[in-house]
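Residue-level listing of the chains:
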Amino acid sequence: TNGLSAFTSTASRVIISVMLSLLSIYIGSVCDPDNSCNNAYNNTIYNNNITTRNASSYGIRLSNQVSNNTFYNNRISSLGAGIMINGSSDSLAGQTRRNTFINDTILPCSVACIDNYFDIIITANATDITFLNVSFNKSRIAFVAHDTVSATEKNNITIQWFLDIN
């Protein structure tokens, strides 16, 4: 299928941008001028072909207080990066965390990719991110410091694969 097959949300104001011809998924919190944010959480996105053809776009981008989301059975293709997870906060309450990717496939970029292409980019206090049976190039994971002056952020991911034996 093309497009968003399923999406459920308990958040009151969630931004999801979907371009019909070139599908890209962005989930981020909406922040008011006083910096109070409504978190994007408890979303399920599955069975999509996610393709971006712009070098500055990511297949999936999670940014700023995005937690407890599940992605599964998605095929992701991008010239910029397959998945970008940006925590964007120093406080525990504001971090992007506990997001899970299951049985997704990040298709390798081989033509017209940006010079510093990565399948997965983690930055700015993105924690407890799990990739379960996700296909991607294991050498194309980047942990990027959001603030290079005082790099005190915590980023972590867990990668697991299951083996079926008959």
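Right above here is the structure, for reference.
Residues numbered from 1 in each chain as written. Predicted model: local features only at pLDDT ≥ 70, side-chain atom pairs only at ≥ 80, totals over all residues. Heavy atoms only, no water.

1. Examining the overall build of the chain
Across its full length, the chain holds zero helices and 19 strands. Counting over 166 residues, the chain shows a buried share of 40%. In the chain, the share of contacts with a sequence separation of at least 24, taken over all contacts with a separation of at least 6, comes to 71%. (Helix = DSSP H or I, 4+ residues; strand = E, 2+ residues; numbered from the N terminus. Buried < 20%, exposed > 50% of the residue type's maximum accessible area, 1.4 Å probe, protein only. Contact = heavy atoms within 4.5 Å.)

2. So, the packing of aromatic side chains
Geometrically, a pair of aromatic rings is defined through the distance of the ring centres and the angle of the planes. A complete count under the given rule lists five aromatic pairs for this structure. With 4.9 Å between their ring centres and 5 degrees between their planes, Tyr 46 and Tyr 72 make a pair best called stacked. Highlighted residues: Tyr 46 in strand S5 (residues 44–46) and Tyr 72 in strand S9 (residues 70–72), separated in sequence by 26 residues. A residue is classified by how much of its surface remains accessible, and Tyr 46, at 25% relative accessible area, is partly exposed. When the centroid spacing of 6.1 Å and the interplanar angle of 55 degrees are considered together, the rings of Phe 131 and Phe 136 count as tilted. Phe 136 carries the same exposure label as Phe 131, and that label is buried. Put simply, the rings of Phe 71, Phe 101, Phe 131, Phe 136 and Trp 161 pair up and form one aromatic cluster. Taking NZ or CZ as reference, Lys 138 lies 5.2 Å from the ring centre of Phe 136, over its face. (Phe/Tyr/Trp six-rings, centres within 6.5 Å; stacked < 30°, edge-to-face > 60°. Lys NZ or Arg CZ within 6 Å of the ring centre and 35° of its normal.)

3. Topic: the sheet that holds strand S14 (residues 105–106)
The sheet built from three strands is open, its strands ordered S6-S10-S14 with parallel pairing. Strands with a single pairing partner mark the edges of an open sheet, and in this sheet they are strand S6 (49–51) and S14. Of the strand pairs in this sheet, S6 and strand S10 (residues 75–77) are connected by three bridges, and their pairing is parallel. When the bridges of S10 are listed, Ile 50 appears paired with Ile 76. (Pairing = 2+ DSSP bridges.)

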